[in-house]
Amino acid sequence: MKQSPHKYLKDGHIHTPYCPHGTDDSFEEYVQKAIQVGVDEISFTEHFPLPEGFEDPAPAKDSSIEADKMESYINDVKKIKEKYKDQIKINIGAEVDYIEGFEEEIKNNLNKYGEYLEDSILSVHMIKIEDKYYCMDFSCEEFEKIVNLLGSVESVYNLYYETLIKAINSDLGKYKPKRIGHLNLVRKYNKKFQYDYSNNKKLKELVKLISDRGYELDYNIAGLFKKDCGETYISGYLEELIKQYNIKLVLGSDSHSAKYIDKYEELNEHI
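Residues numbered from 1 in each chain as written. Predicted model: local features only at pLDDT ≥ 70, side-chain atom pairs only at ≥ 80, totals over all residues. Heavy atoms only, no water.

Participant: Explain the overall build of the chain to me, please; I cannot follow it from the model alone.
Facilitator: Within the chain, the secondary structure is distributed over eight helices and nine strands. Against the globule reference of 18 Å for 271 residues, the chain gives a C-alpha radius of gyration of 18 Å, in line with a compact fold. Counting all 271 residues of the chain, 58% fall into the buried class. Taking as baseline every contact in the chain between residues at least 6 positions apart, the subset at least 24 positions apart corresponds to 78%. Of the roughly 12100 Å² of accessible surface on the chain, 44% is carried by carbon and sulfur atoms. Charge-centre separation for the chain: the mean point of 37 positive side chains lies 3 Å from the mean point of 50 negative side chains. (Helix = DSSP H or I, 4+ residues; strand = E, 2+ residues; numbered from the N terminus. Rg over C-alpha atoms; globule rule 2.2 N^0.38 Å. Buried < 20%, exposed > 50% of the residue type's maximum accessible area, 1.4 Å probe, protein only. Contact = heavy atoms within 4.5 Å. Areas by Shrake-Rupley, 256 points an atom, 1.4 Å probe, with all protein chains shown as cover. Lys, Arg positive; Asp, Glu negative; His and termini not counted. Charge placed at Lys NZ, Arg CZ, Asp CG, Glu CD.)

Put into structure tokens, the structure is as follows:
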């Protein structure tokens, strides 16, 4: 392992060429970029297969890796992990979607692949409204559809936080991830759908629960590069809350392209 002259830097949220809505950048490109900018440890966290019987609500049907490609994905990360073991620590991981009502199916998937996963994330991208599911972060247009269905931007925030609370309380088995991804992903379109979420009671409840369970949080910087967001997914009032509860943060670039892996030393000061 190389000796780093700076504070130990981990990027705990990186996607791969297996991501249907990412780039074709190779594992090699991601790893070499990480080494180039001085990252000490990375976790490949490809979108975990959606549970059996669940239909992807994203208009492009591109939310996750297909189940029949998981073995190949794991093997590819094992190979790159071995190849660069003397230069950088590489973890095999996944970003697991919590989907309300499919807890048992998610647990079944985790039981199948969990023994190979070293560092994973539990995220909410999809919310349930009555008997239908909606992909909250697919596009501004889809988000507007959800706002119209629920009647207000505040209602969207509350349902998202409620779903995260259900995710944390859910029984997903022994391989359930203990780090929550992009906690404020609901703010991806905040410049167009403004809402002051300070003192939101659901958010307070959510952060307290995370603290009580001893979970980590993904300090996700991808929102900085989203034109309708312009902030990290932990910032402002949420960041103040997290500091109050002394919750551990793990930097995550959420890279879907190798070019987004960088030092972000100033952001690392928050970790």
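Picking up where we left off.
Participant: For this particular structure, what's the right way to read the pairing of strand β9 (residues 249–252)?
Facilitator: Within a regular strand, side chains alternate between the sheet's two faces. Residues of β9 alternate between two faces, with Leu249 and Leu251 on one and Val250 and Gly252 on the opposite face, all of them buried. Sheet topology places strand β8 (residues 216–220) next to β9; four bridges connect them, and they run parallel. Each residue of the ladder has a partner; that of Asn220, found in β9, is Gly252. Following the backbone out of β8, through helix α7 (residues 236–245) and into the adjacent parallel β9, one traces a crossover that is right-handed. (Pairing = 2+ DSSP bridges. Right-handed = clockwise from strand over helix to strand, strands pointing away.)

Participant: Any chance you could explain the packing of helix α4 (residues 140–150) against helix α5 (residues 153–169) here in plain terms?
Facilitator: A pair of packed helices can be characterised by two numbers: the angle between their axes and the separation between those axes. As a packed pair, α4 and α5 sit with axes 8 Å apart at the nearest point and diverge in direction by 100°. What the angle tells us is that α4 and α5 run roughly perpendicular. Residue-level inspection shows Phe143, Ile146, Val147 and Leu150 of α4 in contact with α5, the latter providing Val153, Ser155, Val156 and Leu159. Each residue belonging to the contact of α4 with α5 can be placed in one class, and the counts come to seven nonpolar, one polar and no charged. (Axes fitted to C-alpha atoms, helices over the stretch in contact; angles between N-to-C directions. Parallel < 35°, antiparallel > 145°, perpendicular 65-115°, else oblique. Nonpolar A, V, L, I, M, F, W, Y, C, P; charged D, E, K, R; others polar.)

Participant: Teacher, can you tell me more about the side chain of Ser43 here?
Facilitator: When you line up the elements, Ser43 lands in strand β2 (residues 41–47). Since its relative accessible area comes to 0%, Ser43 is described here as buried. One polar contact links Ser43 to Asp119, side chain to side chain, over a distance of 2.4 Å. The contact partners of Ser43, leaving out residues within four places of it in the chain, are Lys10, Asp11, Gly12, His13, Ile14, Asn91 and Asp119. (Polar contact = N/O pair within 3.5 Å; in protein donor to acceptor, adjacent residues only side chain to side chain.)

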